Structure formats: structure tokens, C-alpha cells
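# Summary of the model geometry
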Amino acid sequence: MALDSQKTDGFKQVGTRPDRPDGVDKVTGRARFGADMTAPGMLWGAIVRSPHAHARIVKIDTSKAEAMDGVKAVVTRADFSTSVAPARGMRGEMWNTLENVMAGETALYDGHAVAAVAATSALAARDAMKAIEVEYEVLPHVTDVDKAMAEDAPVIRADTAEASVPEGMHPNVVRYHESGHGDLGAGFAEADLVVEEHFVTEATHQGYIEPHACLATLGGDGKGELWCCTQGHWNVQKVCAALLDLETSQLRVTASEIGGGFGGKTTVFIEPVALALSRKANKPVKVVMTRSEVFRASGPTASTSMDIRIGMKKDGTITAASGVFRCQGGAFPGAPMEFTAMCAFAPYNLKNVSQIGYDVMTNRPKQAAYRAPGSPMAAFAVESVIDELCNKLDLDTIDTRLKNASKEGTQASFGPKWDRIGLVETLEAAKAHPHYSEPLKPGQGRGISCGFWFNHGGETAVSLALSEDGTAQLAVGTPDIGGSRASMAMMAAEELGIPYENVRCTVVDTASLGYNEISHGSRVTYASGLATIKAARDAVKKLCARAAAKWGIPEDAVKWEDGCAVPSGPNAGEHDPMPLAKITAKMGATGGPIVGHFEATPEGAGVSFATHIVDAEVDQETGKTSVSRYTVVQDAGKAIHPTYVEGQFQGGAAQGIGWALNEEYVYGDDGRLQNATFLDYRIPVASDLPMIDTVIVEVPNPGHPYGVRGVGETSICPPLAAIANAVSNAAGVRLTQLPMSPPRILRALGTHD
Amino acid sequence: MQYHTPATFGDAVAIASGAEGVTRFLAGGTDVLVQLRSDLVEPDNLIDIKRVPGASDITKNPDGSWTLGVAATGAEMSEHAELGRDWPGLVEAMDLIGSTQVQGRATLTGNLCNGSPAADSVPAMFAAGVTVSVTGPDGMRQVPVEQIPAGPGKTNLAKGELISAVHVPARRAGGGDAYLRFIPRTEMDIAVVGCGVNLALNGDTITEARVALGAVAPTVVMVPDAAAAIVGTTLDDAALAKLSEAAAAACNPIDDKRGTIAFRTHVAGVLARRVARIAYDRAKG
């Protein structure tokens, strides 16, 4: 059901492209990121990390480090909560987080934290860290998802599996998902062609440019202050309080400016450690990860092993589809296999479909969310098979997708019936785009893929305070990871009828608003945006009440128009419009400060679909790929600030290009990460990317006052498949493993073994 | 750690000769400072030689040869039009290293002494027939650049010895050089294979050739068989095929995160062909 008050046109602010309010700070260096904060008497923390993929911690001797000049505190697991208990699957997530933040009895991956030290300088801390002696008993390890499921695999942690995991599976398989409908056997029997293929993707890192950093102060009285770069400071507050046995409200957390997150800053790594060091030293402690620590010990996404089977009639009708998705997410439960399974066939209206997911533990760092967690890999596998079917049956790839496309009312592959969705509109826009009809040059191949992401609502609180001069202070609790302060200010200005520049939007600390869920799930423009609109409407209601009192008429006889209170009709009497600033100038004497609020858990986040078109060239002699043209078409519901929507589209494509072509976690036989630097973890550089063209499709989300759908994550769902299809068509051979690095492409071409 | 800024190479040699523990020479610092910051090495003595007078000079000698100071940077080489006309391959190899910022610091000598088999400028120097002045406790000697690398991260320089100048031969008429590397990206990466070729022609026929490969063995290597495959030819398809085979045969690479043995060996052959064609076209003018 559409909101009664939904507005989808006639906007004054929405759809324009003003400068972002944080822009000047960022280009002049005035913006303060995680590592930019200092405090009087501050110490520097450093974390000792396991060099082994799997090892029992026999003994930690901190005496030499503690005796060093400048060393003020050393902590180990003994300095954290003992009341957080392990539990199976995701029910044990708080304990999993604690175990990841500081190892207990066993180091579970190369880079796992085992102790930490605070000293008077960064160098002293580094020297002291080296003086901490850890005795390990090395255990057998496994880092590959398929090997971790095999009978002879070392058990990473017994009794972690949820009851849903089928009997007889290896204890490393800890969670299981199964969904679908129809009769697969009958469906495949109807097909003229069935294609079945195995796919593999490697773990990739979010690659944010700012390493994790924080400044923590915690006293013996249990009162603390924490400054950190995070996508969600209320979550940091809650988790740190639990891990250190604090009262939640006694820990105030402030989110710094953030140099990228992409899901990787939705959890805690160093923050509880800095707090524990600070409590022990009774001084502020700053911890800043090195890039190597970021790669080794913060969360990459899952690696996968997948089997896809799809049957199709000669006319392009899909008769049945099934997928098995094995995801490893490191030494803890949590690989997003249910999302992988659920997103896999979401674009298609299928009579017969089945998807099965396995969450598998290995000796790797605990996975963290990465932009539509799990969905890009699923699209890679499924959309590759769709492309192969189209090639073999000589069908147009967009027409075939349109023929099978999910629409409003279609039963989704994972159960629910779709509300109003915009997949068909993205396919039609892609088909009409000049890119799709541009002839390919020799050596080039073209790839198409659709992609899907759920999007999310989540707990949200916003407050909008008016100033005497008629300007507005908007307090939100969702860290700005994509230009959201601009879009929030635009929505507030739209409702209040004042200029965009008159609204200052601030991401406030945990003491200033109710709980705000993390900036994740592409929820910010949807949920904080909805809350901003509702808070502004709340303020408007109060403004109207002041005008009504002044005019001596009932409150409901006043309405808000173009930034002024006006009588709602002829019966309300003759009164000149009363501008916002005139009401606020007197508000102290007419009832006090005017503040609008909204607190809720909105549940109408509309899903988003996209279609990408990619042209790629492959050097047949070296296996090197270049992406020559790229077009993103995505449903944004309603683009508040089109430039930042386009930025999200382009960013997803850029990260997808890296993931598809060169990014991967490379492990040695010893289970150690081989490429924990940006030199050898090859994200694309600017010159690797073509200009990424964008088309914003707007099919309004019925669950948002202006029709907004989240856009941040869907943009990374199609690229892996679209690029793989382009490369496969250019190379003349199907690529089934990511990244499609030059050695893998030459192997696929049969150039060498 | 002691930081020294000697005024002469003699002083630098004296400090290095008498130093205990780990000594590092510092010019641009694009390797040494990175190693320090990433905690790979903490030298007891860091000897900064870029303040030695003339260390940044690029000089064309009366006989047409070139002398480059040990602190002359990649950016200074790229901006030197005449050097680029004589030795485009050497200059383009140096220019491939790192970012614009790194180019403002990085030096040929540092690239050589870092001892990486993947160093971009080194195959180009090998191919060009570059020699270096080695100054040490026993005085100065001039040695071919091929004699400097000893293995990954290692050189044949003895304790107290340093490189004090780089000598590039005169470019004779009918000559040309080129360098290409294979990386999976377009820049800011390290060579998976590198290849430098320097040729001299008489008419259309190659009379002299030097071919060097990087990142396919513990050090950059000269490949005389590859040179022999094209000398006396007009770089026809048969000669290119032989060149390719000889280049591949000279490879003794490793499997690592950057590339496999099979991939490096294959691509060495491909690159040798491509680089030879560029050098040949340049030589023809």
C-alpha cells in the first residue's frame, strides 16, 4: 500500500544537485577522520597478532613488554567480559565478536589478535608489542570452503552448528538454508536445454581507503568516551559495553568522518581493545590499524563454491532452476549464504526453483558485510548460466530476461510476493540505451546481468530543531557513507519550505538521539530520510500551532505552504502568510523551542533491481582484460540527489570490476595471507576504469513518502556476472572462477596448463 | 638509528665501512622508507647520499654518452628531452615505477640496489649496456650493471661500497631501445614480467641486440640467445618466433601471488616480441 501522503512530483529541492555540506571540510583537510583525534595524556595501542592460521595459545608472557619504558598497559582475553557466553550459530554472535576481537584459547586465523599493549608513543607500543612472547601449539588448518567441508578437514570449533544443518555434515558446516517452490524434476523435464556449471569466487576486501582507527577513554568508574570511524556507533556502543561489562548508557560513542566502509565498518575490531587498554592504563588510548592489519584482521567478504542448474525452452522460458551455495566466512558463523541463496534467482518468475546454502567455517578472518553481502556471487553464477543458455539457444539476452522477469505480484524464488518493483523498467531502459545496440569491435565481448538486493529499514531516530533565525539543525544517527547529509538536508528543506543551505545536518553521538541502527542495508536515504521527513512534518505541525494561537483560530485551520503558515481555507479568516522565521523569532515567548521528532522502525524499504551492460576486451596473448564500456541501469525509486545516486551506481560498478578481474585473498600452504598490501591486493586504479555511464530508473517505493529505494548495494550485484559474460564472450570460453586474472584466462584459453 | 648526510662519496664510504649492524643508503627512499615504515628493516645507520654535490645531475658527455647522478629522479629523467630521444626505453622503464609522487623521488640506482628481480628500470639498463661507478674503501671502479644484482634483495656490493654514478653509453645512429612490463592493471603495480631490448641496425638488418628479462629469475637476466635469434634478421616472423622461444627458455620463475611459472614463461615470450618490434621501429627512426 502506498503511503497516503506519498509525494512523487512537484519537488523544489528533491532531484536537484547542490554541493554536499561536508565537501569543503573534506577537500581542505578540515574533516576529522578516525585517526585525527587526540587527547591530553594519550597513549598509543598496538595489537599482537597470530602468525599462524590455527594454533593453541599455550602461554603469553607479557613481563618483558611491561618492564619497558613508556609501557602503561598490556591486555589479553582476561581483561574482557567473562559473562558473554558461546552459543550455536548466530545466537552466539556476541561471543563470536569477543573471540574475534581478542583470541581466547586458540588463534583461529593469521592475524587474529592475541594481546595488546599501550605505550607513550606509537613506536614504543610497536617495540613493546614485539616483546610480548606468545607460545603456540600449531594446529592443522583449512582455508578453502570445499576442503573445509570434506571429511578429513580439521574441526575449527565443535558444537557450533545450528540444528538446521543436515545430519552427517562436517562440524565446520554451521548453518543451512533451503528455500524454493514447485517441482524441479518436472521443470527440468520440460526444458529443451539444461546447463549446469560449477562456479568459484575468492574472498575480496571492501578496500576502504581509511584504516580502522579510534580513540578510547574509559575510567575505573565505568564511564567512557569513544571516538571511532564506524558505520554505526550505537552498535559499537552496545557491543563494546557487552564485551567490557559496562552499562551501555555510560559509554558515549561519536562517529568520526568515515573514509569508506562498504559494510566493513559495521562491526568492532579495535574499539573494545582500546577501551580495555584505557581502563587498565587510566589514560586515553588511540589505536590505528595498519593496512596489513586491515587485510589480515578486518572482514573481507565470503568466498564461495556454487553449483547452478537451469533449464530453458527454445523460446527462452526458464522451466526450472536450482542452486547450491557454499560460503566460507572465516572462523565464525555468519557467511551470508542465505542472502546468496535468496538473491540468486530473485530477478526471475520461476515455477520450479530450489536454493540451498551452507555456511562454512575456515581458518580465515571473520567475514564482514560487503555491499549486498552474498548477492554479487549469486548473480555471477546464475547470470553466467543464463548467458550460456542464451548463447546456445541463440536468444537475445535482454529479451530472454524480460520474458522471465519478476514483476509486481510474482512469487519470489524465496517465498514472498513482490510489491511494486522496477526490474522490467531497468531491462527496458538497458535495451533502449545506445550502448546495447552499439556494434562491438573485433576482440570485444558484451555482457548483461541483472542484480537484486533486499534493502532494509531498521531502528531510526531523527530530531530537527529550529533556530530563532529560521534555520534548522537536523540531527541524524546514521553515519554519512554516501552523501546522506546532503539528501537529508534536501528532504528537510523540501518539507519546511526553506533553502537547502538553511539546514545543517549533523551525525550526532549516541547520547543525543535514540538508537539508530548501522548505516547498512542501503537503509539511510530510505529510513533516515523517512524519519527526517516525518520529523520535519512534526515541526511543521508545531509551527502551524503557533500561528493558529497567534491568529486565534483552531490548529487544523492552518496549513503549511512554501515555508509559511497560511489559513487552510476561506473559513479560517483573512491572515497574511506567516513565514517560518517569523514564528521561530518569537518561539521562546510563544511556547518554547520548536523541535520535530521521529522514532520508529520503518518496514517499507523497497527492494531494488539493476541491469548492467559491459563491453570488455581480452588480450588473447596475455590474458589481460580491459573494460571498454560500462552502463549501469538501476531503479532508485526516487533519486533525492541524483549525483550521489549516480556515484553509488558508479562505485558499485568500480568495485565489481576489481572483484571480477583481479582482487582476491591469496593464501599460502601455511595458511598465511600472502597479499596484505594494496600493491598485491589489486583494486582497480583510476586508469583501469572506463567512464561508467548511469541511467536512473524511478519506480517509486510505496513505503517511502517520496518513493525512495536504497541504491548503495544493488549496484555491486550485477558487475561480476556482467563482466564475466563480457569476458567469456570476448575470449570465446566460459570463465567460471573469479577473479578472472590473466593467468586464469590463459588457462581457460588453453594457452598453457 | 643514526642518520648521516655525508658531503662526499668518500665520507659515505668511510661511514659505511666503519658501521656496525645494518646499513642502508638513502637516495629517493622509495624502497628504504617503505621498508622502515612497514617494519621490515630498522637500519643502525642510514646514509643519505643525495646531498653529495652533483648527485642529481644528468649530463651529456662530449662523446655522446650520459652520466646520471645517483639521486637523479625518474621525473627529472622524463623531463629531459634529449635523454628521452637517445634512450626512450630506459626513460620509459624508469617512468613506469610508482606514482607521480614516487617519480619525484625514485632513482635508477635505488631501483638497482633494491635488488628486486621485478625492478622496471633494470632490464632497460641491462639492455642499454649501462655501467656504474662503484666507490669503496679501495677506490673506484666501473662495472657493467649486470654485475650488481646477486639475488632477491641482494647485490654484489661489498661492505662500504656504494654506487656513485650511472653511465649510459652514447646512442649511435640506427639504434633504438624499448621496455614493456606485464601488469594486470594499467599502473601502480609491480612487473609480473619485464623485458628490455636495445638494437642497432644497418639498413633494415639488426646488427647488434641486447635482450634482458625481469621477474622471471632470481635476478634480472640478460638473454644472449634471444639477442642471437634476431641479429642478422629484419625481425621477420621467423626471427620473432625464435626470439620468443629463447626468451621463454631463459625463464626460471617462481609461482607466487603475482603470477605462475607457466604464465610468466609464456608472457616473457610475448613481451620479447612486442618490445623488439618497438625497439626496431625506433631504430629505423
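Residues numbered from 1 in each chain as written. Chains lettered and ligands numbered in written order. Predicted model: local features only at pLDDT ≥ 70, side-chain atom pairs only at ≥ 80, totals over all residues.

## Considering the overall build of chain A
The condition that has to hold: A run of H or I in DSSP becomes a helix once it reaches four residues, and a run of E becomes a strand once it reaches two; helices and strands are each numbered from the N terminus. In this description the radius of gyration comes from C-alpha coordinates, and the expected globular size is given by 2.2 Å times residues to the power 0.38. To sort residues by burial, count the other C-beta atoms lying within 10 Å of each one's C-beta; a count of 20 or more means buried, 12 or fewer means exposed, and anything in between means partly exposed. C-beta atoms are built from the backbone.
Helices and strands together make up the secondary structure of chain A, namely 20 helices and 26 strands. Scaling as 2.2 N^0.38, a compact globule of 753 residues should have a C-alpha radius of gyration of about 27 Å, and chain A matches this with 27 Å. Looking at chain A as a whole, 59% of its 753 residues are labelled buried.

## Regarding the overall build of chain B
What counts, and what does not: Residues are scored as being in contact if the C-beta atoms we place from backbone atoms lie within 7 Å.
Along chain B, the regular secondary structure elements total eleven helices and 14 strands. A globule of 285 residues ought to have a C-alpha radius of gyration of about 19 Å, and chain B, at 19 Å, matches this closely. Across its three principal directions, the C-alpha atoms of chain B cover 55 × 45 × 35 Å. Counting every position in chain B, which comprises 285 residues, the buried fraction comes to 52%. Of the contacts made within chain B by residues no fewer than 6 positions apart, 63% connect residues no fewer than 24 positions apart.

## What about the confidence of the model for chain B?
Going by this rule: Scored from 0 to 100, pLDDT reflects the predictor's confidence in each residue.
Overall, the predicted model of chain B reaches an average pLDDT of 97, with 100% of residues at or above 70. Confidence estimates for the predicted assembly give a pTM of 0.97 and an ipTM of 0.95.

## As for the environment of A493(A)
Structurally, A493(A) is set in helix α15 (residues 484-496). The sequence separation of A493(A) and C228(A) amounts to 265 residues, and the corresponding C-alpha distance is 30 Å.

## Topic: the packing of helix α11 (residues 375-393) of chain A against helix α19 (residues 719-731) of chain A
All names here are of chain A. Formally: Note on geometry: axes are C-alpha line fits, over the in-contact stretch for helices, and angles between N-to-C directions span 0 to 180 degrees. Crossing handedness is read from the near helix: turned anticlockwise from the far helix by less than a right angle, it gives a left-handed crossing, and turned clockwise, a right-handed one. Note that Gly is not counted as nonpolar here; it falls among the polar residues with everything else outside the nonpolar set of Ala, Val, Leu, Ile, Met, Phe, Trp, Tyr, Cys and Pro and the charged set of Asp, Glu, Lys and Arg.
Two elements in contact, α11 and α19, have axes whose closest approach is 7 Å; the angle formed by their N-to-C orientations is 35 degrees. Where α11 crosses over α19, the handedness of that crossing is right-handed. The residues of α19 that touch α11, namely those facing P376, M377, A379, F380, E383, S384 and D387, are L720, A721, A724 and N725. Across the contact of α11 with α19, the residue classes break down as seven nonpolar, two polar and two charged.

## What about the sheet that holds strand β14 (residues 221-222) of chain B?
Residue and element names in this part refer to chain B. Applicable threshold: A pair of strands is considered paired only if DSSP assigns at least 2 bridges between the two.
If you walk across this open sheet you meet the four strands as β11-β12-β13-β14, and the pairing is antiparallel. Because the sheet does not close on itself, it has two edges, and the strands there are β11 (175-182) and β14. Taken together, the two bridges between strand β13 (residues 205-214) and β14 define a ladder with antiparallel strand orientation. When the bridges of β14 are listed, A212 appears paired with M222. Along the sheet face, helix α5 (residues 88-95) touches β11 and β12 (193-202) and points at about 25 degrees away from the line of β11.

## Here's the deal with helix α10 (residues 337-344) of chain A
The buried count for α10(A) comes to eight of eight residues, which makes it a mostly enclosed element. All of the buried residues in α10(A) are M337(A), E338(A), F339(A), T340(A), A341(A), M342(A), C343(A) and A344(A).

## Examining the sheet that holds strand β10 (residues 224-228) of chain A
All names here are of chain A. The seven strands are arranged β3-β5-β1-β12-β9-β10-β11 in an open sheet whose pairing can be described as mixed. Two strands bound the open sheet, and with one partner strand each, they are β3 (71-75) and β11 (251-255). Across the sheet, the mean angle from the axis of one strand to that of its neighbour is 20 degrees, orientation sign disregarded. Relative to strand β5 (residues 113-119), β3 is paired through four bridges, and the arrangement is antiparallel. Within β5, the position partnered with V71 by the bridge is A119. On top of the sheet, helix α8 (residues 271-281) reaches β1 (43-49), β3, β5, β9 (213-218), β10 and β12 (285-288); it is set at about 35 degrees to β9, its chief contact.

## Details of the nonpolar core
The following threshold applies: Here, a nonpolar core means buried Ala, Val, Leu, Ile, Met, Phe, Trp, Tyr and Cys residues linked by C-beta atoms lying within 7 Å of one another.
Counting 330 residues, the largest nonpolar core has V117(A), V273(A), A492(A), I723(A), L213(B), A247(B) and A268(B) as its most contacted members. Of all the elements, helix α16 (residues 524-551) of chain A adds the most residues to this core, at 14 residues. In this structure, A247(B) is in contact with V211(B), L213(B), V223(B), A226(B), A268(B), G269(B) and A272(B), ignoring residues within four places of it in sequence.

## Here's the deal with the interface of chain A and chain B
Size of an interface, as often reported, equals the accessible area lost when the parts are brought together. Taken together, the 22 residues of chain A in the interface contact 18 residues of chain B. When residues of the side of chain A that touches chain B are assigned to their parent elements, the largest contribution, three residues, is made by helix α20 (residues 742-748) of chain A. Taken together, the residues of the side of chain A that touches chain B sort by class into seven nonpolar, eight polar and seven charged.

## A look at helix α4 (residues 122-131) of chain A
Each turn of an α-helix holds 3.6 residues, which means side chains three or four residues apart point in the same direction. Residues and elements named next belong to chain A. Our working rule: Each direction from the helix axis to a C-beta atom contributes to the arc, which is the arc of those directions.
Listing the buried residues of α4 in full gives A124, A125, A128 and M129. Considered in projection along α4, the buried side chains sweep an arc of 140 degrees and stay on one side of the axis. On its buried side, α4 packs onto β1, α2 (63-66), β3 and β5.

## Some thoughts on the domain arrangement of chain B
Rules: How far each domain reaches was decided by an automatic or database domain assignment.
As far as domains go, chain B holds domain 1 (1-51) and domain 2 (175-284). A straight line from the C-alpha centre of domain 1 of chain B to that of domain 2 of chain B covers 34 Å.

## Re the domain arrangement of chain A
Residues and elements named next belong to chain A. Examined at the domain level, chain A breaks down into domain 1 (23-31 + 457-600) and domain 2 (374-455 + 606-748). Of note, the centres of domain 1 and domain 2, computed from C-alpha atoms alone, are 38 Å apart. Contact residues are listed per partner, giving 14 residues for domain 1 and 15 residues for domain 2. Residue assignment for the side of domain 1 that touches domain 2 shows that the elements contributing at least two residues are α15 and α16.

## Focus: the pairing of β9(A)
All names here are of chain A. Taking burial as the measure, the six residues of β9 include six buried ones, the bulk of the element. For β9 and β12, the ladder comprises four bridges, and the chain directions are antiparallel. When the bridges of β12 are listed, L215 appears paired with K286. Where β9 lies against β10, five bridges are found, and the strand directions are antiparallel.

## What to know about unusual backbone geometry
All names here are of chain A. Between L738 and P739 the backbone carries a cis peptide bond, its omega angle lying at -5 degrees. A positive phi angle, close to 60 degrees, is found at D159, a residue other than glycine. The topology assignment puts D159 in the loop between α5 (145-149) and β7 (173-181). Since 10 C-beta atoms lie within 10 Å of it, D159 is described here as exposed. Backbone geometry places F262, a non-glycine residue, at a positive phi of 55 degrees. Structurally, the position occupied by F262 is in the loop between β11 and α8. Judged by the 26 C-beta atoms lying within 10 Å of it, F262 falls in the buried class.

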